[in-house]
Amino acid sequence: PVIKNTTSTFYASGASKNITATLVIYKQNYWNVNNLELVGQCTSGSARSVVYIGSDSGFFTNHVKISDCVIKGTNWCNTSAKSNGLTGIEVSHLGSYYGFFNDITIENNKLYDCNGSGITTNGSYGGCDQNGNPNNNASKNIVIRNNYMTRIGQEGILVTNNNAPLVEYNTVEG
């Protein structure tokens, strides 16, 4: 199946924060997404990611696997702000600084034409839990393996605030 030029919008509680992406997995567990072609579309610079995996407020998002997919940005967002580019696959907390991730695997994907980053993972703020204890509940078991990225506008792979992630055998070109 091919999902093209589709943007789904998720509104977090309070409706003041929203995320736009072609595929949104937010505060969900045990998802396997594979063999899809996902196409992101910038509309007035509002799109943030083609695939967004999110967590919030101390919630652990467990076992999400994105594999063997083709992830495409279809045009370059009209924005000068670095943080507003279209990212291929984003794993991040939304709103609260304390969303946690466990057993997230991103492997064997092909990413093209994203003017933001290719793949980003951002665990809890500073790698701490909601009480400020270092690495107590930091995101863990994060694997980014054997992905191919080309025509990426910013970082190919950006990993922050994760406990011992495994990043191996990825290719980033031009």
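Residues numbered from 1 in each chain as written. Predicted model: local features only at pLDDT ≥ 70, side-chain atom pairs only at ≥ 80, totals over all residues. Heavy atoms only, no water.

Caption draft 1: Main features of the pattern of salt bridges. According to the stated counting rule, one finds five salt bridges in the structure shown. For K72, the salt bridge goes to E37, with nearest N and O atoms at 3.3 Å. Taken together, the residues span a long stretch of sequence, with K72 in strand β8 (residues 70-73) and E37 in strand β5 (residues 37-40) at a distance of 35 residues. Here K72 falls in the partly exposed class, since its relative accessible area comes to 30%. The partner of E107 in a salt bridge is R145, with the nearest N and O atoms 2.9 Å apart. Of this pair, E107 sits in strand β10 (residues 100-107) while R145 sits in strand β13 (residues 139-145); the two residues are 38 residues apart in sequence, bridging distant segments of the chain. On the basis of relative accessibility, which here comes to 26%, the residue R145 falls in the partly exposed class. A cluster of three or more residues bridged by salt bridges with shared partners is formed by K65, E107, R145 and E168. (Salt bridge = Lys/Arg side-chain N within 4 Å of Asp/Glu carboxyl O. Helix = DSSP H or I, 4+ residues; strand = E, 2+ residues; numbered from the N terminus. Buried < 20%, exposed > 50% of the residue type's maximum accessible area, 1.4 Å probe, protein only.)

Caption draft 2: Quick peek at the pairing of β10. Across the eight residues that make up β10, a large majority, seven, are buried. Bridging between strand β7 (residues 60-67) and β10 involves seven bridges; their strand directions are parallel. Bridge pairing links N62 to N102 in β10. As paired elements, β10 and β13 share five bridges and run parallel to each other. Pairing of N102 across the sheet is with K140, part of β13. (Pairing = 2+ DSSP bridges.)

Shape is all these values report; function is a separate question.
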